[in-house]
Amino acid sequence: MPEALYAITLIWGVVFIYAVMASIDFGAGFWSMIYLNKQQTRATNIANRYLSPSWEVTNVFIVAIVVALFSFFPGATFTLGTVLLIPGSIILLLLALRSAFLVFSHVAEEYKKGLTFVSGITGFLIPALLISVLPITQGGFIDSFDGNQELLLGKLFTSPSEYAFVGFAISSTLFLSSLLLADYSNVAGEMDAYAIYRKDAIIIGPISLLMAAFIIFTMRNEANWLYENILNYTPWMIASIAGFALGYAALWFPHRQKKAGFKGMPRIAMISVVAQYLFAGYAYGSAHLPYIVYPDVTIESGFTHPETFRALIVTYIVAFFILTPGFIYFWRLFLKDKRYVKPKES
Amino acid sequence: MDDLVIARSLFGMTMGVHIIYATLGVGLPVMILVAELLFQKTKDKDYALMASRWTKGFAVLLGVAIPTGTIAGVQLSLLWPGFMEVVGKVIALPFQIEIYAFFLEALFMSIYIYAADRLSPWMRIVSVTLVAIGAVASAVLITNVHAFEGTPDGFKIQNGEIVDVDPWAAFLNPSFLVTSGHVAVSAIMTGAFAIASVAAFKMLKEKGPNKVYLYHQKALMMGLIIGGLFSLLTALNGHESAQQLHEYQPEKLAAAEGLFETQQYAPLAIGGFTDRETEEVKWAIEIPWALSYLAGDRFDTEVVGLNDFPEEYWPPLFVHTLFNAMVGIGSMLILLSLIGFVWHKFLKRDQFPRWLMGIFIAAGPLSMLSIEFGWIFACTGRQPWVIYRIMKTEDSVTTSGNLGILFLLFLLIYIILMIATVLVLRYYFKRNPVSKEIDTNIS
C-alpha cells in the first residue's frame, strides 16, 4: 500500500506541475491572440517571449503524466485508455494543431495572424477538455457491460459537474497566465503590458474562485462520496481560499513605481495563487483516494509490479540529479536573465 | 472493416507520419553539431550559417515531431490498452527514461535556439550536443520497446497473471542493442542524405561556382561523407539484425526471404514477389547458398522455412518486398556516397555531372522511404503478435468502437500538418535565401 501511495503522490505532483505550467502556456497563447492588434502595448510580445522557449518543456510534462500513469498503474490505464478514446483523441488533435501552428507562427511572419488565431483558440479549448478527465474519474459516466467499458458521452455533456470543471479550467487558465504575465512584464519593465495583465487578473480571479465553489456544489449531487471525503479536508480548503485572498490583495500592494500610478506586487500574487491551487489540489487528490476511477479502479488494484516500481523510482532519482541543473540553467536564461526578459530596443 | 484493422491502420498512420519527423529530428541535430564543430575548427562562416539555417528547419520539423510523438505515446494507451497493461508492468523503464531524454532535448533545444546570442561558442556546442544526445537517446529507448515486442524477456505469464518480473532483464532484451543501433545509425544517415539532397538541388539552380554554390557544395560533401559512413554502419548492423532474426524470430526471417522449406545451403532471393500457391518467390534473382551464409556465417546453416510453422502464425508474405526495398535502397546509398567521394577526392573534379547530382537529390527521399519500409517490415513482420509468442495483436486492441471516424480525423490533421510544414519551410527559406544571409554574414 505505501508504495502505491508514493506512486500516486508522484503522479499527482507531476499533474499539478503540468496543470500550472500548461495553464500559463495555454493562457499565454490566448492572450497573445487577444492583444495581437494592440501593437502599442507589447502585451503580445511579452506573451510570446515567455511562450517561445517554454512550450516544448511544458509539452514533455503531459507525456510524462501519461507514461507515469501506465508505468505505475497499468490497471488504471486499461480503463482510462478505453473510456478516454474519444476525448483523448480530440485533445491530441487540438494539441497537435496548436503546437505545430505555434512554431509555424514564429517562423512565417506573414501568416502570423491566422496562425496565432489557431493556437489561441485551441489554447483554451484544450484545458477545458483535459479537465474533463476529473469528472469522469469521479464516477457515474462509465458504463460497464460484459467486462467492456464505455464512456457515456451524452451523460457527461449534460452534467452540471462537467461544466463546473470546464468553467474552472478556462478561468484558471486565464487567471494563472495573466498573473504570471503580469509578473513577467513587471520584471521586463513593460509597464503598459503589466497594467493590462493586472487588470485581467483582477477580473478573472473571482470568477475562477466562483467556479471552484460551483464544482464543490455540483459534486454534492453527482459524486457524493467525494464530497463527503473532501469535507475532511476543510482546513486545506480554507488555506486555499486564504492563498487566493492574499494573492488577490497583493494586486493592490504598494508597487515599486508607486508614484507613476502603478499598484501591486505581482510576484507575491503569483506565489500565493500557486499555493492556493496546491492546497486545493492536495485536498481534492487526497479525498479522491483510494480511487483512481470510482468505483472500479483503486490505486492498489491498478498498481504495477513491485519490481518495476522500484526500478522506476531509481530512474526518477537519477534523473532528478541529472536534469535539475538543466532546469536551473533554463530558468536563469529565460526567466531571470534581464538580457532576455528585457531586451534593448532595436 | 473490423476494429483491429482500423486500429492498426490508425496507429500505423500515426507512426508513418511521426517517423518522417522523428528520423529527421534525430539526424539533423547531429549534422548541426558537425557544422558547429567544423566552424570552430575552420572558422569558415559558411558552416556557422549551415548550423543556423538547419536549426531553423529543425525547429519547424520539431513543431510536428513533438505533437505526433505525443499522439503516438497516448494512442498506445488508447488503442492498445491490453498491450499497455503488460508494458506498464514489465517494460515501463524505456518509456520512463525516454521522458528524461525528452526533457534534456527540450531544455537545451530552447537554450540553443533562443539563448544563442548569449552563449559562448563552447556552451553552444555543449547545448547542441545535449540536443543530439537527447534525440538519439529517445530513438534508442523507444526502439527498446519495439525490440522487447520481438524478443520479450524478463517476465512470465502463468494463468493469465504476469509473474517473475525483472524490469532490467526486459530492458536488456536480446535484440535491444542491435535493433536500436539500427534505428539510430539509419536516422543519422537519413538526416545526412536529406541535407545532401537539398544541397544538390540548390547547386543545380546556380549558374557557376559562386559563393552560394560553394556553400551548398560544402553542405553536399558533408552530407555525402556522413551519410556514406552511416549507411555503411547501417548495413553492418543490418546484417547483425538479420542473424538475430534467424536466432529469435525464424518465421520473420523466412517471410522476409520468402523461404518455405527448411533447408541447409538455402538460396537468397533478391527481388520478386512471394507466391503463396507455388511456395516460391517469383521473378527473383536467386543466389545459391547465400541465405544460409548470411544467417549463420556458414553455407551449411539450416534456415527454417515457413512450412515449419502453423500458417496462422505466418507474417504477411508481402514483407519480402518491403525487406528487399529497404536493403536495396541502403546498398545503393553506400555505392552512391562512394562514387561521390571518389569523384571528389581522387578524380579531383570540382563539379559533379548532372546525372550524379540528380541521384544525389533522390538520395534523401529514398533513404526516408527505406526507413519507412524498414519500420513497416519490422512491425508487420511480427504479426500476428504484438508481443512475440505471448500476446496477439487482436487480443490487445481497444473494445471501444468509433475508430473509423477517428481514423479520418487524424488523417485530416496529418494532411494539414504535412502540407503546412512544406509551406512554412518554403516560405521561410524563400524569404531568407542563402545569398542574402551570406552577405549579411560577411558584413
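Since the model is a prediction, treat every value here as computed from it, not as a measurement.

**Section: the confidence of the model for chain A**
- This prediction gives chain A a mean pLDDT of 86; 97% of its residues lie at or above 70.
- In the model of chain A, helix H14 (residues 338-341) of chain A stands out as the element of lowest mean pLDDT, 73, in contrast to helix H11 (residues 234-249) of chain A, which has the highest, 92.

**Structural notes on the packing of aromatic side chains**
- With the rule as written, the count across this model stands at 40 aromatic pairs over all chains.
- Taken together, a centroid distance of 4.2 Å and an interplanar angle of 10° make the contact between tryptophan 225 of chain A and tyrosine 294 of chain A stacked. Residue tryptophan 225 of chain A is located in helix H10 (residues 224-231), and its partner tyrosine 294 of chain A is located in the loop between strand E3 (291-293) and strand E4 (297-298); the two are separated by 69 residues in the primary sequence.
- Since its relative accessible area comes to 15%, tryptophan 225 of chain A is described here as buried.
- One aromatic cluster is present, formed by Phe72, Phe73, Phe303, Phe309 and Tyr316 of chain A together with Tyr100 of chain B through successive ring pairs.

**Brief notes about the interface of chain B and chain A**
- Tallying the contact residues gives 67 residues for chain B and 64 residues for chain A.
- Both sides together, the interface formed by chain B and chain A hides about 5900 Å², and carbon and sulfur atoms give 78% of it.
- Scanning the region where chain B abuts chain A turns up zero salt bridges.
- Taken together, the connections running from chain B to chain A amount to seven residue pairs in polar contact (both at pLDDT 80 or more).

**Quick look at the packing of helix H5 (residues 112-130) of chain A against helix H8 (residues 160-188) of chain A**
Residues and elements named next belong to chain A.
- Orientation of H5 relative to H8, taken along the N-to-C sense of each, is 135°, at an axis distance of 8 Å. What the angle tells us is that H5 and H8 run oblique. Both H5 and H8 take part in a crossing whose hand is right-handed. On the side of H5, the interface is formed by Phe124, Pro127 and Ala128, while H8 contributes Val166, Ala169, Ile170 and Thr173.
- Grouping the amino acids of the contact of H5 with H8 by side-chain chemistry returns six nonpolar, one polar and no charged.

**A short note on the side chain of threonine 143 of chain B**
- By secondary structure assignment, the location of threonine 143 of chain B is in helix H5 (residues 121-150).
- The contact partners of threonine 143 of chain B, leaving out residues within four places of it in the chain, are Thr179, Ser180, Val183 and Trp375 of chain B.

**Some words on the pattern of salt bridges**
Residue and element names in this part refer to chain B.
- On inspection of all chains with the given rule, the structure shows 13 salt bridges over all chains.
- With its nearest N and O atoms 2.7 Å apart, the salt bridge here joins lysine 218 to aspartate 44. In this pair, lysine 218 is assigned in helix H8 (residues 211-248) and aspartate 44 in the loop between helix H1 (3-42) and helix H2 (45-79), connecting sequence segments 174 residues apart.
- Under the relative-accessibility criterion, lysine 218 is labelled partly exposed at 25%.

**Some points on unusual backbone geometry**
- The step from tyrosine 294 of chain A to proline 295 of chain A runs through a cis peptide bond, and the omega angle for that step is -10°.
- For proline 295 of chain A, the position within the fold is in the loop between E3 and E4.
- Located in the positive-phi region is tyrosine 265 of chain B, a residue other than glycine, with phi close to 50°.
- Positive phi is not limited to glycine here, since aspartate 297 of chain B has a value of about 65°.
- Looking at the secondary structure, you find aspartate 297 of chain B in the loop between helix H10 (290-296) and helix H11 (319-345).

**Points about the nonpolar core**
- In terms of nonpolar packing, the biggest core is built from 231 residues, with Phe73 and Tyr197 of chain A together with Phe83 and Leu220 of chain B touching the most fellow members.
- Looking at this core element by element, the count peaks at 18 residues for helix H2 (residues 43-72) of chain A.
- In terms of nonpolar packing, the next biggest core, distinct from the first, is built from 22 residues, Ala266, Ala295, Val303 and Phe309 of chain B among them.

**A look at a nonpolar patch on the surface**
Residues and elements named next belong to chain B.
- A cluster of nonpolar side chains, contributed by Ile225, Leu338, Phe341, Val342, Phe346 and Leu347, occupies part of the molecular surface with about 560 Å² of accessible area.
- Residue contributions to the nonpolar patch peak at three residues, all from H11.
- Mapped onto the fold, valine 342 is located in helix H11.

**A few points about the environment of glycine 154 of chain B**
All names here are of chain B.
- Position of glycine 154 among the secondary structure elements: in the loop between H5 and strand E1 (156-158).
- Under the relative-accessibility criterion, glycine 154 is labelled buried at 9%.
- Each C-alpha atom of the pair glycine 154 and methionine 368 lies 34 Å from the other, and the pair is 214 residues apart in sequence.
- Every residue in contact with glycine 154, bar those within four places of it in the chain, is listed here: Val90, Asp164, Val165, Asp166, Ala169 and Ala170.

**Observations concerning a positive patch on the surface**
All names here are of chain A.
- A cluster of like positive charges, contributed by Arg256, Arg332, Lys336, Lys338 and Lys342, occupies part of the molecular surface.
- As for its position among the elements, arginine 256 is in the loop between H11 and helix H12 (266-288).
- With a relative accessible area of 66%, arginine 256 lands in the exposed category.

Reading the values: rules and limits
Residues numbered from 1 in each chain as written. Chains lettered and ligands numbered in written order. Predicted model: local features only at pLDDT ≥ 70, side-chain atom pairs only at ≥ 80, totals over all residues. Heavy atoms only, no water. pLDDT = per-residue confidence, 0-100. Helix = DSSP H or I, 4+ residues; strand = E, 2+ residues; numbered from the N terminus. Phe/Tyr/Trp six-rings, centres within 6.5 Å; stacked < 30°, edge-to-face > 60°. Buried < 20%, exposed > 50% of the residue type's maximum accessible area, 1.4 Å probe, protein only. Contact = heavy atoms within 4.5 Å. Buried area = accessible area lost by both parts, 1.4 Å probe. Salt bridge = Lys/Arg side-chain N within 4 Å of Asp/Glu carboxyl O. Polar contact = N/O pair within 3.5 Å; in protein donor to acceptor, adjacent residues only side chain to side chain. Axes fitted to C-alpha atoms, helices over the stretch in contact; angles between N-to-C directions. Parallel < 35°, antiparallel > 145°, perpendicular 65-115°, else oblique. Left-handed = near helix turned anticlockwise from the far one by under 90°. Nonpolar A, V, L, I, M, F, W, Y, C, P; charged D, E, K, R; others polar. Core = buried A, V, L, I, M, F, W, Y, C linked by side-chain atoms within 4.5 Å. Patch = residues over 30% accessible without salt bridge, like charges linked within 9 Å, V, L, I, M, F, W, Y side chains within 5 Å. Areas by Shrake-Rupley, 256 points an atom, 1.4 Å probe, with all protein chains shown as cover. Lys, Arg positive; Asp, Glu negative; His and termini not counted. Charge placed at Lys NZ, Arg CZ, Asp CG, Glu CD.

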